[in-house]
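Summary of structural features
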Amino acid sequence: QVQLVESGGGLVQAGGSLRLSCAASGSIFSIATITTMGWYRQAPGKQRELVSTISRSGTTNCADSVKGRFTISRDNAKDTVYLQMNSLKPEDTAVYYCNAVIRATMNFWGQGTQVTVSS
C-alpha cells in the first residue's frame, strides 16, 4: 500500500519554469517494492499521456514532446520523485499525476496537481 502526494503546480507564463514533487508514503516494505515512478498528464478532453519515468536505479525515459525541457529525478532516501519543467509552453497545460509501479503489476496514482501555462 502506497500513497502519493503531488505538489508544485501553479500558473506560469510561457517560457517559465516549475518544479513538481511527489512524495510516497507507506510501509517501508511496500515502498521498497516500487520499481518505477513517473509523471503523466491529462489535458481537458484528452487522454492521459506519459511525460517521464525513472527506475529505482536511475534509468529515465521521457516523451518526445518534453525532451530537452523536462528533467525527472528521484531521491530514494526521501521516497520522492521530482519533475523540473523548463521552457514551459501553453500546450503543457494539464493536470499532472504522479505514478508508482509496484512489482510491475500494480499502479498507484496521486491526486494530481494543476499546471497552467499562459501565453
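Before reading on, note that the structure itself is shown above.
Figured I'd write up the structure that's included with this text. (Residues numbered from 1 in each chain as written. Predicted model: local features only at pLDDT ≥ 70, side-chain atom pairs only at ≥ 80, totals over all residues. Heavy atoms only, no water.)

1. Things to note about the overall build of the protein
A tally of helices and strands in the protein yields one helix and 11 strands. Secondary structure elements of the protein, listed N to C terminal, follow the sequence β-β-β-α-β-β-β-β-β-β-β-β. Taken over the C-alpha trace, the protein has a radius of gyration of 14 Å; the compact-globule value for 119 residues is 14 Å, and the two agree within 12%. Principal axes of the C-alpha set define a box for the protein whose edges measure 45 × 25 × 20 Å. Per-residue burial for the protein yields a buried fraction of 42% across its 119 residues. Across the protein, every contact between residues at least 6 apart in sequence was considered, and the portion connecting residues at least 24 apart equals 53%. (Helix = DSSP H or I, 4+ residues; strand = E, 2+ residues; numbered from the N terminus. Rg over C-alpha atoms; globule rule 2.2 N^0.38 Å. Buried < 20%, exposed > 50% of the residue type's maximum accessible area, 1.4 Å probe, protein only. Contact = heavy atoms within 4.5 Å.)

2. Remarks on empty space enclosed by the protein
For the coordinates displayed, the defined rule picks out one cavity of 30 Å³ or more. There is about 40 Å³ of room inside the largest cavity. When its residues are assigned to classes, the lining of the largest cavity shows four nonpolar, one polar and three charged. (1 Å grid on protein atoms, 1.4 Å probe; cavity = no way out; pocket = protein on both sides within 12 Å on 5 of 7 lines; lining within 4 Å. Points joined across faces, edges and corners; volume = space filled by probe spheres on them. Nonpolar A, V, L, I, M, F, W, Y, C, P; charged D, E, K, R; others polar.)

3. Here we look at the sheet that holds strand β3 (residues 18-26)
In space, the four strands of this open sheet follow the order β1-β3-β8-β7, with antiparallel pairing throughout. The sheet terminates laterally at β1 (2-7) and β7 (70-75), the two strands that pair on one side only. Strand-to-strand twist of the sheet, defined as the mean angle between neighbouring strand axes without regard to direction, takes the value 15°. (Pairing = 2+ DSSP bridges. Axes fitted to C-alpha atoms, helices over the stretch in contact; angles between N-to-C directions.)

4. Examining the state of the cysteines
One pass over the structure, following the stated rule, counts one disulfide. C22 shares a disulfide with C98; S-S distance 2.0 Å. Torsion about the S-S bond of the C22 and C98 cystine: about -85°, corresponding to left-handed handedness. Of this pair, C22 sits in strand β3 while C98 sits in strand β9 (residues 94-102), placing them 76 residues apart in sequence. C98 shares its class with C22; the two are buried. Not engaged in a disulfide, the cysteine C62 finds its nearest cysteine sulfur in C98; these two sulfurs lie 17 Å apart. Taking relative accessible area as the criterion, C62 reaches 22% and is therefore assigned partly exposed. (Disulfide = S-S within 2.5 Å.)

5. Points about the nonpolar core
Side chains of nonpolar character tend, in soluble globular proteins, to be buried together. Of all hydrophobic cores here, the largest spans 29 residues; its most connected members are L4, M37, W39, L83, M85 and Y96. Of all the secondary-structure elements, those providing two or more residues to this core are β1, β3, β4 (34-42), β5 (49-55), β7, β8 (80-85), β9 and β11 (113-118). The element best represented in this core is β9, accounting for five residues. What M85 contacts, discounting residues up to four positions off in sequence, is G16, S17, L18, L20, R69, F70, Y96 and V115. (Core = buried A, V, L, I, M, F, W, Y, C linked by side-chain atoms within 4.5 Å.)

6. Things to note about the pattern of salt bridges
Here the structure, examined in full by the defined rule, presents four salt bridges. As a salt-bridge pair, R41 and D92 come within 3.0 Å of each other at their nearest N and O atoms. Here D92 lies in the loop between β8 and β9 and R41 lies in strand β4, a separation of 51 residues in the sequence. In this structure, R41 and D92 share a single accessibility class: buried. (Salt bridge = Lys/Arg side-chain N within 4 Å of Asp/Glu carboxyl O.)

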